[in-house]
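Here are the chains, one letter per residue:
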Amino acid sequence: MNCIFCKIGRGEIPSEKVYEDEDVFIIKDIDPKAEKHYLMIPKHHYKLISDMTDDDAAALMRGLRKLPALADKLGLKNGYRLVINQGDDAGQTVFHLHVHILGGQYLDFPDLKNK
Ligand code: 5GP
Ligand code: ZN
C-alpha cells in the first residue's frame, strides 16, 4: 500500500519519532504550523473516522490518554490542541487517520467564517 504514514511507521521513510507504543507513534510534522507540531499516527491503517472499528477507536484513545504524561517531554506542558482533519473542507492531505498535536505557544482560535 502506497501510504506515506505506513511507510514512516515501517521506517522506510525517515522521520523524527518522539514516541511509540503498540497502538500509535508520534512524529514531528515535517511542515510545522505551530512552535510544536506533532502527529499521532495509529499503527493500523484506516483513512477516516468513518472507517474506524471499535478496536481502532480504543487503540487511538489509549494513545491519546498517554499525552498528559508526555506533555512535558514534548514541550507542551502549558497546553496543546488536537486536530483531526477529515475530508476536503478540512484540507486533509494524508488519508491515514492522524491527530495533529499543536502547542508550544498560545494558539489563536480564529473565527474562520469571517475570513
Ligand atoms: P492533513 O493535511 O492530512 O491533516 O495532515 C498531513 C500532515 O502530514 C501535514 O501537516 C504534513 O505537513 C504532514 N506530512 C506529510 N508528509 C510528511 C512526511 O513525510 N513526514 C512528516 N513528518 N510529516 C509529513
Ligand atoms: Zn497508512
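It should be noted that the structure appears before, not after, this text.
Residues numbered from 1 in each chain as written. Chains lettered and ligands numbered in written order. Predicted model: local features only at pLDDT ≥ 70, side-chain atom pairs only at ≥ 80, totals over all residues. Heavy atoms only, no water.

**Points about the coordination of the zinc ion (ligand 2)**
We apply this condition: Counted as donors are N, O and S atoms no farther than 2.8 Å from the metal, or 3.2 Å for Na, K and Ca; water is not among the atoms, and sites may therefore look incomplete. Geometry assignment treats four donors as tetrahedral when all angles are between 85 and 135 degrees, treats four as square planar and six as octahedral when opposite donors are over 155 degrees apart and all others between 65 and 115, and treats everything else as irregular. In this text, helices come from DSSP runs of H or I with a minimum length of four residues, and strands from runs of E with a minimum of two, each type numbered from the N-terminal end. The rule is simple: take the accessible area with a 1.4 Å probe, protein chains only, and divide by the maximum for that residue type; under 20% is buried, over 50% is exposed, in between is partly exposed.
Around the zinc ion (ligand 2), the protein supplies Cys3 (SG), Cys6 (SG), His45 (ND1) and His96 (ND1) as donor atoms, at distances of 2.0 to 2.3 Å. Relative to the metal, the four donor atoms surrounding the zinc ion (ligand 2) lie at angles of 103 to 118°, and the coordination shape comes out tetrahedral. Expressed as a motif, the donor residue spacing for the zinc ion (ligand 2) is C-x2-C-x38-H-x50-H. One end of the pair, His45, is in the loop between strand E3 (36-42) and helix H2 (54-64); the other, His96, is in the loop between strand E4 (80-83) and strand E5 (99-103), with 51 residues separating them in the sequence. For His96, a relative accessible area of 1% corresponds to the buried category.

**Digging into the site of ligand 1**
Put simply, the rule reads: Working definition: residue near molecule or strand if any one of its non-hydrogen atoms lies within 4 Å of it. Within 3.5 Å is the distance limit for a polar contact, defined as a pair of N or O atoms, with the added protein rule that one can donate a hydrogen and the other accept it, and that residues adjacent in sequence qualify only through two side-chain atoms. Shrake-Rupley sampling with a 1.4 Å probe provides the accessible areas, and residues are treated as covered by the protein chains on show and by no other component. A pocket, in this scheme, is an open set of points on a 1 Å grid over the protein atoms alone with protein on both sides within 12 Å along at least 5 of 7 lines, while a cavity is a set where a 1.4 Å probe fits but cannot get out; residues line either one if an atom lies within 4 Å of a point. Molecules are considered to sit inside a cavity or pocket once more than half of their atoms lie within 2 Å of its grid points. For this classification, Asp, Glu, Lys and Arg are treated as charged, while Ala, Val, Leu, Ile, Met, Phe, Trp, Tyr, Cys and Pro are nonpolar and the rest, including Gly, are polar.
Surveying the vicinity of ligand 1 reveals 16 residues, the closest of which are Lys28, Asp29, Asn85, Thr93 and His100. Between an oxygen atom of ligand 1 and a main-chain N or O atom of Val94, the distance comes to 2.9 Å. His98 has a polar side-chain atom sitting 3.0 Å from an oxygen atom of ligand 1. For ligand 1, the protein covers 86% of the area, taking 520 Å² as the surface of the free molecule. In a pocket analysis with a 2 Å cut-off to the grid points, ligand 1 is assigned to the largest pocket. When contributions to the shell around ligand 1 are tallied by element, the ones reaching two or more residues are helix H1 (4-9) and strand E2 (24-28). Tallied by class, the residues present in the shell around ligand 1 amount to seven nonpolar, six polar and three charged.

By themselves these figures say nothing about function.
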